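# Tertiary structure, described
Next come the chains, spelled out residue by residue.
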Amino acid sequence: MDMDKLLSFDWGLMAPEFLILGTATILAVLDLFLPKKINRQVLGLFGLAGIVAAIVSLVFLLDNETGSILLETFRLDSFGKAFKLLLLTGAGLVMLLAIDYKPNEGMEEYRGEFFYLFLTALLGAMMMSSSGDLITLFIGLELLSISSYILAGIRKKNTASNESAMKYVINGGISTAITLFGMSYVFGMTGSTNLRQIAAALLNVDDSQQVYILGLAFLMIFVGLSFKLASAPFHMWAPDVYEGAPTPVTAFLSVVSKTAGFVILIRIMFTVFTALPVDGEYSQTFLFANQDYIGFLAGATMIIGNVIALRQRSIKRLFAYSSIAHAGYILVAFSAMSFVMFEAIWFYLLAYLFMNVGAFAIIQLLTMKEGTEDISHFAGLYRRSPLLAVAMAIFLLSLAGIPGTAGFIGKIQIFIGALMVSPAHYVLVSIMIATTVVSYFYYFGIMTQIFFRPAAHHEKIAIQPGTAVAIIVSAAATILFGIMPQLAYGFLESNFKAFLDFLA
Amino acid sequence: MELLNLYQNNYLIVFVFLCLGVLLPVVALFFGKLLRPYKPLESKYTTYESGIEPFHDSRVQFNVRYYIFALMFVIFDVETVFLYPWAVAYEKLGIFALVEMLIFVVMLLIGLIYAWKKKVLKWI
Amino acid sequence: MLSGEFIAFIALALAAIMGGVLLLNLTKVVHMVVAIVFTFVSIAGIYVLLSAEFLAAVQILIYSGAITIIMLFGIMLTKHNDESEAKGIGWRKVFMFLGVLAFGAAVYIGIYDLDFASEPSELHVKNTEQIGLALYSDYIIPFELTSVVLLVALVGAIILARKDDGGKGEDKK
């Protein structure tokens, strides 16, 4: 190893990461040395510019062959590119919300930190999406987690925020420990942290004792990572954290962090555990033999999320349970493991990104104005601001999965995926349909508030430019992908070639 | 190569020292208890405050300022841990290792400047 | 086979587990910290048995040193004379105990007659240098990412633990 060999790697592949890291570092230094009187929103705009630049550089990389640096500790394949695009778009929209977020309750001094912690969290998520090595995956996960813990507790004088940060840290620590324990077994069995070498080593495992231990490892990794997804059995933190964290952070956790969770889950599960044969037979791999367990957790997640959401009065708690339910839907696609799984999950996360960020943008507007988060503040929104009401209606319809919106297409894809495999997952699909119907109650409950309840007062709502852009982009994308999903699928088809290079 | 058991046997000395380290205070305290006179008195249990009547617990709540020092100590401790194998392997690594470590240290330097600018390094 | 290594392992493992159990059962917070130091030190001993010399030193340096200090500081900052109340044995505890027992049994079934073809390793020869060579030539990306993690942790620690001046008005009263 020398300098020449180091420089021979194609470091250009990491351009998006370098851009985000550079932006975060410059922001950190600027925030320290800019005079106090300069409005820190400038820093947010700078961060946004960094994210946009990263998206552009990623688009330039789309045509690149699959490449890797340094024993695949960094690996840019079509899977990584596709999901990194989601992460960056989500983070960009969240950044728009963050710029307009009015700091309060002890956060005033930390405006600058607020912005660059988003960027470091994003950097962690991006590293998670493009790495073929357990060590890098884990450090990416930690970077994302630690940044989010701080973001959740950044309103220092708000007890709810403190509580949310505390719960997030403790739950996160436990789940990380469990994941790491599972990973350590995988490493111990195979003697490598490189995912492909692990897969190669596992191909030769025929001792049932070893398969048993790998089964334990599988369980622990899955349970630990379910924390990031906010799915059962690690969903309990979500409502409290979502409620206490500042609204842009809540949006970030529900969109970017969740996407990153699915990325790392798919990455580890599909490279490591599809290689492992069951009982020495090569006809069936370990992951497929254990579909039912994942299916069970998916079902439990959907039921818990949707049923408890019915009883919520706080809009952010309601959206927390709704996001748990959505994690359950995506897990259905994961447990079905059809050959359209990648597409289905990607599209669902895309749709979810836009509808959820859009909804949170409107929630932020209203809660910042009213000071509380009770659902009743949506009453009469239609009278006060018809445009906002219509936008919120679009997002809610999409979250509920009504035809004409992106959420509908995403759900249909998951249905088809779960039914096309044999044996088809009828039970999961029926749970999904039933819980979707349940979800109509609370989504339409908000809609009734907006359209049919009289408003308490008729004060107009002033929309800041950043939030307006976020709402418009999200609403447009939700409708566009609802009517013309072929745009997204065509994009997937032409650029990512069915993710064939995922295992190669 | 060194033999594995030879290597492990070297740790016997560490073990002996560990035992001595544990035994020394235990034995000293035990003999102290044996030898000293035992005459408990109410006033012996009160806190010594230079002759003034003590009025509350001797232990007080620390300032939160100390805690930040402890936290920063941990973080720079971890940094030192990374420096150690770097220094040992430096001869075999070449100039790029210097660049790597420079980047690493600069990142933490930003952290240090941050702490300095936020005035948490100031001792009241 | 009763070898010295085996005896050492059993002793260390027992000390580690005992530390953990004591941590859960002691009522005074300072005693809990002492208990967890036992666990940390025993784990360092187990690392030595596994020829991971450097890791053992790091374990002592960071866990028994720094982490323990931070916990003691945490105790000093709060009500350090506090004792956890001994609660009765509720159903919750029983279920938790059963869960732990089931997990322990599941792992035990997995490992008790697990046999690996053991290869002679040279981990103990220049252990630190081996780690250095691997870390600074192959794992550069995670290493640099670690610096970002540490930076974020430092900034976060300061944000959350710093006593704010109160900004407007509050300290002017």
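Residues numbered from 1 in each chain as written. Chains lettered and ligands numbered in written order. Predicted model: local features only at pLDDT ≥ 70, side-chain atom pairs only at ≥ 80, totals over all residues.

Bringing the overall build of chain C into the picture now. On a plain count of helices and strands, chain C comes out with six helices and zero strands. Per-residue burial for chain C yields a buried fraction of 22% across its 173 residues. Taking contacts inside chain C between residues at least 6 apart in sequence as the whole, the part at least 24 apart equals 55%. (Helix = DSSP H or I, 4+ residues; strand = E, 2+ residues; numbered from the N terminus. Buried ≥ 20, exposed ≤ 12 C-beta atoms within 10 Å, placed from the backbone. Contact = placed C-beta atoms within 7 Å.)

A word on the overall build of chain B. Looking only at helices and strands, chain B features three helices and zero strands. Considering chain B as a whole, with its 124 residues, one finds that 14% of them fall into the buried category.

Further remarks concern the nonpolar core. Side chains of nonpolar character tend, in soluble globular proteins, to be buried together. Residues and elements named next belong to chain A. Counting residues in each nonpolar core, the largest one holds 221 residues, and the members touching the most others are Val-94, Phe-118, Leu-122, Ile-345 and Tyr-348. Top contributing element to this core by residue count: helix H15 (residues 341-370), with 22 residues. The residues touching Val-94, leaving out its near neighbours within four places in the chain, are Phe-118, Pro-248, Ala-251, Phe-252, Val-255, Val-256 and Val-357. (Core = buried A, V, L, I, M, F, W, Y, C linked by C-beta atoms within 7 Å.)

In this section: helix H21 (residues 485-496) of chain A. For H21(A), built from 12 residues, the straight-helix expectation of 16 Å at 1.5 Å per residue is met to within 8% by its first-to-last C-alpha distance of 16 Å. Backbone geometry just after H21(A) places Lys497(A) at a positive phi near 50°. (Expected span 1.5 Å × (residues − 1).)

This part is about the interface of chain B and chain C. Residue-level contacts link 42 residues of chain B with 41 residues of chain C. Within the residue set of the side of chain B that touches chain C, elements represented by two or more residues are helix H1 (4-35), helix H2 (64-93) and helix H3 (95-117) of chain B. With 21 residues, the top contributor of residues to the side of chain B that touches chain C is H2(B).

A word on the interface of chain A and chain B. Across the boundary between the two partners, chain A contributes seven residues, which contact seven residues of chain B. Where the side of chain A that touches chain B is concerned, the elements lending two or more residues are helix H1 (3-8) and helix H2 (15-33) of chain A. Of the residues forming the side of chain A that touches chain B, the biggest block, four residues, is contributed by H2(A). Here the side of chain A that touches chain B is composed, by residue class, of five nonpolar, one polar and one charged. (Nonpolar A, V, L, I, M, F, W, Y, C, P; charged D, E, K, R; others polar.)

We now examine the confidence of the model for chain C. Residues and elements named next belong to chain C. Within chain C, residue pLDDT values average 83, and 86% of them lie at 70 or more. Per-residue pLDDT stays below 50 along residues 166-173; that stretch engages in four contacts with residues further than four places along the chain or on separate chains. Among the prediction metrics, the complex's ipTM stands at 0.92, with pTM recorded as 0.92. (pLDDT = per-residue confidence, 0-100.)

Owing to its 3.6 residues per turn, the α-helix brings residues three or four apart onto one side. Between the first and last C-alpha of helix H4 (residues 78-100) of chain A there are 34 Å, a value that for 23 residues agrees with the 33 Å anticipated at 1.5 Å per step. Within H4(A), 23 of the 23 residues are buried, which leaves it mostly tucked inside the rest of the structure.

Another aspect to go through is the packing of H15(A) against helix H18 (residues 406-420) of chain A. Residues and elements named next belong to chain A. Two elements in contact, H15 and H18, have axes whose closest approach is 9 Å; the angle formed by their N-to-C orientations is 155°. The pairing of H15 with H18 is recorded here as roughly antiparallel in orientation. In this structure, the crossing between H15 and H18 has a hand that is left-handed. Contacts between H15 and H18 involve Met-341, Ala-344, Phe-347, Tyr-348, Ala-351, Phe-354 and Met-355 from the first element and Ala-406, Gly-407, Ile-409, Gly-410, Gln-413, Ile-414 and Gly-417 from the second. Taken together, the residues of the contact of H15 with H18 break down into 10 nonpolar, four polar and no charged. (Axes fitted to C-alpha atoms, helices over the stretch in contact; angles between N-to-C directions. Parallel < 35°, antiparallel > 145°, perpendicular 65-115°, else oblique. Left-handed = near helix turned anticlockwise from the far one by under 90°.)

As a packed pair, helix H6 (residues 134-152) of chain A and helix H6 (residues 140-161) of chain C sit with axes 10 Å apart at the nearest point and diverge in direction by 15°. Between H6(A) and H6(C), the angle falls in the class roughly parallel. When you trace H6(A) past H6(C), the crossing you get is left-handed. Listed contacts from H6(C) to Ile135(A), Thr136(A), Ile139(A), Gly140(A), Glu142(A), Leu143(A), Ile146(A), Ser147(A) and Ile150(A) of H6(A) are Ile141(C), Pro142(C), Leu145(C), Thr146(C), Val148(C), Val149(C), Val152(C), Ala153(C), Gly156(C), Ile159(C) and Leu160(C). Here the residues of the contact of H6(A) with H6(C) sort into 14 nonpolar, five polar and one charged.

Here we take up unusual backbone geometry. A cis amide bond, omega 0°, links Ala232(A) with the succeeding residue Pro233(A). Located in the positive-phi region is Glu72(A), a residue other than glycine, with phi close to 60°. Of note, Glu72(A) is situated in the loop between strand S1 (67-69) and strand S2 (74-76). When the 19 C-beta atoms within 10 Å are taken as the criterion, Glu72(A) is described as partly exposed. Unlike most non-glycine residues, Ser51(C) shows phi in positive territory, near 65°.

Let us look at the environment of Leu229(A). Residues and elements named next belong to chain A. Within the secondary structure, Leu-229 sits in helix H9 (residues 208-229). Using a count of 29 C-beta atoms within 10 Å as the deciding quantity, one classes Leu-229 as buried. A sequence separation of 31 residues divides Leu-229 from Ala-260, and the C-alpha atoms of the two residues are 8.3 Å apart. Once residues within four sequence positions are removed from consideration, Leu-229 is found in contact with Lys-258, Gly-261, Phe-262, Leu-265 and Ala-327.

The next thing to look at is the environment of Ala230(A). All names here are of chain A. Topologically, Ala-230 is positioned in the loop between H9 and helix H10 (237-244). Judged by the 29 C-beta atoms lying within 10 Å of it, Ala-230 is buried. Linking Ala-230 and Ala-325, residues 95 residues apart in sequence, is a C-alpha distance of 9.1 Å. Residue contacts for Ala-230: discarding those within four places in its chain leaves His-235, Ala-238, Lys-258, Ser-323, Ile-324 and Ala-327.

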